[in-house]
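Observations on chain architecture
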Amino acid sequence: MKAAVLWNAGDTAVDVIGDVALVGLGPNEVRVRLAASGLCQTDISAMAGTMPTATPAVLGHEGAGVIVSVGSEVKTLSIGDHVILSYAPPCGQCRFCLRNQANLCVGVFDPFDIPAKFVIRGQPGTGLAGLGTWAQEVVVPQQAAVAIPQDIPLDIAALLGCAVVTGVGAAINTASIRPGDAVAVIGCGGIGLSIIQGARVAGAGRIIGVDPAAERRAAALRLGATDTVDPVEFVTLLDQVNGGDGADHVFEAAGRGGTIRDAFDATRKGGEIIVVGAGSMDDEVSFSAFELFYYEKTLKGCFYGSSDARTDFDRLLELWRTHQLDLEGLVSDRLSIDDINYGLERMREVVGVRQLVVYDL
Ligand code: CXF
Ligand code: ZN
């Protein structure tokens, strides 16, 4: 089958090749034929080497498709089921699953320590974050394939796998937004635009999208931001928020130490900072002991939107069905897998919204 392969960290393009195979189907696994897969900044970080990835690797970690085979022990999924793939599959039994933090479970797989699921020109190859959705088919543990109703368009469903579950989840699960609160979102890519939509669902008042790219600021306004601003003017704008105290909730969706520091500074005393961007292992950020104590700001990490893959896709789809989430509005280009490098270029040039690879099923 065809797949987009990263041979080595540092490569600036993926290699779309036709001779990639899957490892055999285990008893607890399913084989999924992809219908659509998103391009995410994390794929670019994996290419750059800032997101550690064992190579060769099939990239892509946001996708949806149709089950084409099931392992002998699989009871709750069947051939023909439509599924969203999840890189945070809950085992259901560990302490994280039992204490309502299923997004932190690594009982099925750890997205940063994954077995090879592909055979790439005879070599074992991994799938990014345990998935590798830039392939026509994947084999994943059954918990990583979450069934959804058949009437949901699979290209819309694909977006839920990373951008929407993470961004909307950050706003409605991780943060504690109260109606009327002032929110700022630093970084208005796929995740930031989803945070903006989630903040609107949570009833936020002012929602400020912060991004240097005009195209992304326009998308933010379209999808629910009340104001947008270039980062250089952000501090001035904050003078008008909560009487100059700063925003109640500031989301960092750029994944950089510097912008986490900016988010901290933009937050009012007693407010919260939610770190959603996937940063690199060696990018550091510093706070003084005094400011952490005296300003009583809460610094929250956010992996996978603090979402439970078993239940939260349904909640998100309900918000989409009732027109409270605009998922169509997140998509710009629709590409074939052969044009994936063009899509990556478009992303590097800063395009405001998500690009999707659509497969021939
Ligand atoms: C990442 C987080 C780490 C695993 C892959 C996906 N999140 C967003 O892109
Ligand atoms: Zn992603």
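So, here's what we can say about the structure. (Residues numbered from 1 in each chain as written. Chains lettered and ligands numbered in written order. Predicted model: local features only at pLDDT ≥ 70, side-chain atom pairs only at ≥ 80, totals over all residues. Heavy atoms only, no water.)

1. A look at the overall build of the protein chain
When its secondary structure is counted, the protein chain shows 10 helices and 19 strands. The buried share of the protein chain, reckoned over its 361 residues, is 56%. Considering only contacts in the protein chain between residues 6 or more positions apart, those separated by 24 or more positions represent 71%. Of the roughly 14500 Å² of accessible surface on the protein chain, a fraction of 50% belongs to carbon and sulfur atoms. (Helix = DSSP H or I, 4+ residues; strand = E, 2+ residues; numbered from the N terminus. Buried < 20%, exposed > 50% of the residue type's maximum accessible area, 1.4 Å probe, protein only. Contact = heavy atoms within 4.5 Å. Areas by Shrake-Rupley, 256 points an atom, 1.4 Å probe, with all protein chains shown as cover.)

2. As for the coordination of the zinc ion (ligand 2)
Protein-derived ligands of the zinc ion (ligand 2) are Cys40 (SG), His61 (NE2) and Cys162 (SG), with the metal-ligand distances lying across 2.0 to 2.3 Å. With four donor atoms in place around the zinc ion (ligand 2) and angles of 97 to 133° between them, the coordination shape is tetrahedral. For the zinc ion (ligand 2), the single-chain donor residues occur in sequence as C-x20-H-x100-C. Of the two residues, Cys40 is situated in the loop between strand E4 (29-39) and helix H1 (41-48) and His61 in the loop between strand E5 (57-58) and strand E6 (63-70); the sequence distance between them amounts to 21 residues. Since its relative accessible area comes to 2%, His61 is described here as buried. (Donors = N, O, S within 2.8 Å, 3.2 Å for Na, K, Ca; no water. Tetrahedral: all angles 85-135°; square planar, octahedral: opposite > 155°, others 65-115°.)

3. Quick notes on the site of ligand 1
Taken together, Cys40, Thr42, His61, Tyr87, Phe112, Ala129, Cys162 and Phe303 form the complete shell of residues around ligand 1. The contact in question runs from an oxygen atom of ligand 1 to an N or O atom on the side chain of Thr42, over 2.4 Å. At 3.3 Å from an oxygen atom of ligand 1 is found a side-chain nitrogen or oxygen belonging to His61. Notes on ligand 1: free accessible area 270 Å², of which the protein chains cover 92%. Residues belonging to the shell around ligand 1 are distributed by class as follows: six nonpolar, two polar and no charged. (Near = heavy atom within 4 Å. Polar contact = N/O pair within 3.5 Å; in protein donor to acceptor, adjacent residues only side chain to side chain. Nonpolar A, V, L, I, M, F, W, Y, C, P; charged D, E, K, R; others polar.)

4. A few points about the environment of Ala46
Relative to the helices and strands, Ala46 resides in helix H1. The spatial distance from the C-alpha of Ala46 to the C-alpha of Thr126 is 12 Å, given a sequence separation of 80 residues. Apart from residues lying up to four places away in sequence, Ala46 is in contact with Leu6, Ala9, Met51, Thr53, Leu59 and Leu128.

5. Here's the deal with the environment of Glu29
Mapping Glu29 onto the fold places it in strand E4. Taking the relative accessible area as the measure of exposure, Glu29 reaches 12% and is therefore buried. Measuring from C-alpha to C-alpha, the distance between Glu29 and Val74 comes to 7.1 Å, with 45 residues separating the pair along the chain. Here Glu29 is in contact with Gly24, Val70, Gly71, Val74, Lys117, Val139, Val140, Pro141 and Gln142, once residues within four sequence places are set aside. Within the structure, Glu29 has its side chain in polar contact with the backbone nitrogen of Gly26 (distance 2.7 Å).

6. Some details on the sheet that holds strand E2 (residues 15-17)
A sheet is described by the order of its strands in space; here six strands give the open sequence E2-E1-E5-E9-E8-E3, paired in mixed fashion. The open sheet has two edge strands, E2 and strand E3 (20-22), and neither has a second partner. (Pairing = 2+ DSSP bridges.)

7. Notes on a nonpolar patch on the surface
Among the surface-exposed residues, Phe96, Leu104, Phe112 and Phe303 lie close enough to one another that they form a single nonpolar patch of about 340 Å² accessible area. Following the sequence through the fold, Phe112 ends up in the loop between helix H2 (95-98) and strand E8 (118-120). (Patch = residues over 30% accessible without salt bridge, like charges linked within 9 Å, V, L, I, M, F, W, Y side chains within 5 Å. Salt bridge = Lys/Arg side-chain N within 4 Å of Asp/Glu carboxyl O.)

8. So, the pairing of strand E12 (residues 183-186)
Where burial is concerned, the two faces of E12 agree: the one with Val183 and Val185 and the one with Ala184 and Ile186 are both buried. Of the strand pairs in this sheet, E12 and strand E13 (residues 207-210) are connected by four bridges, and their pairing is parallel. Bridged to Ile186 within E13 is Val210. As for the winding sense of the linkage, the β-α-β connection from E12 through helix H4 (residues 190-201) to E13 is right-handed. By the bridge criterion, four bridges tie E12 to strand E15 (residues 247-252) in an arrangement that is parallel. Bridged to Val183 within E15 is His249. (Right-handed = clockwise from strand over helix to strand, strands pointing away.)

9. Description of the packing of aromatic side chains
A complete count under the given rule lists nine aromatic pairs for this structure. Plain terms: the ring middles of Tyr87 and Phe303 are 6.1 Å apart, the flat faces sit at 65° to each other, and that makes the pair edge-to-face. With Tyr87 in the loop between strand E7 (82-85) and H2 and Phe303 in the loop between strand E17 (298-301) and helix H9 (312-321), the pair connects residues that are 216 residues apart, well separated along the chain. When its relative accessible area of 32% is taken as the criterion, Phe303 is described as partly exposed. Through successive ring pairs, a cluster of aromatic residues spans Phe290, Phe293, Tyr294 and Tyr295. When the ring centre of Phe96 is taken as reference, the NZ or CZ atom of Arg99 above it lies at 5.4 Å. Just above the ring of Phe264 sits the side chain of Lys297; from NZ or CZ to the centre is 4.5 Å. (Phe/Tyr/Trp six-rings, centres within 6.5 Å; stacked < 30°, edge-to-face > 60°. Lys NZ or Arg CZ within 6 Å of the ring centre and 35° of its normal.)

10. Observations concerning helix H10 (residues 340-348)
The periodicity of an α-helix, 3.6 residues per turn, causes residues three or four positions apart to be oriented the same way. Those residues of H10 that sit buried are Ile340, Gly343, Leu344 and Met347. Angular distribution of buried residues about the axis of H10 spans 100°; they occupy a single face of the element. Of the surrounding secondary structure, the elements contacted by the buried residues of H10 are strand E1 (3-6), E2, E4, H1, strand E18 (331-335) and strand E19 (354-358). Backbone geometry just after H10 places Val350 at a positive phi near 75°. (Arc of directions from axis to C-beta.)

Honestly, that's just the spatial picture; any functional story needs more than this.
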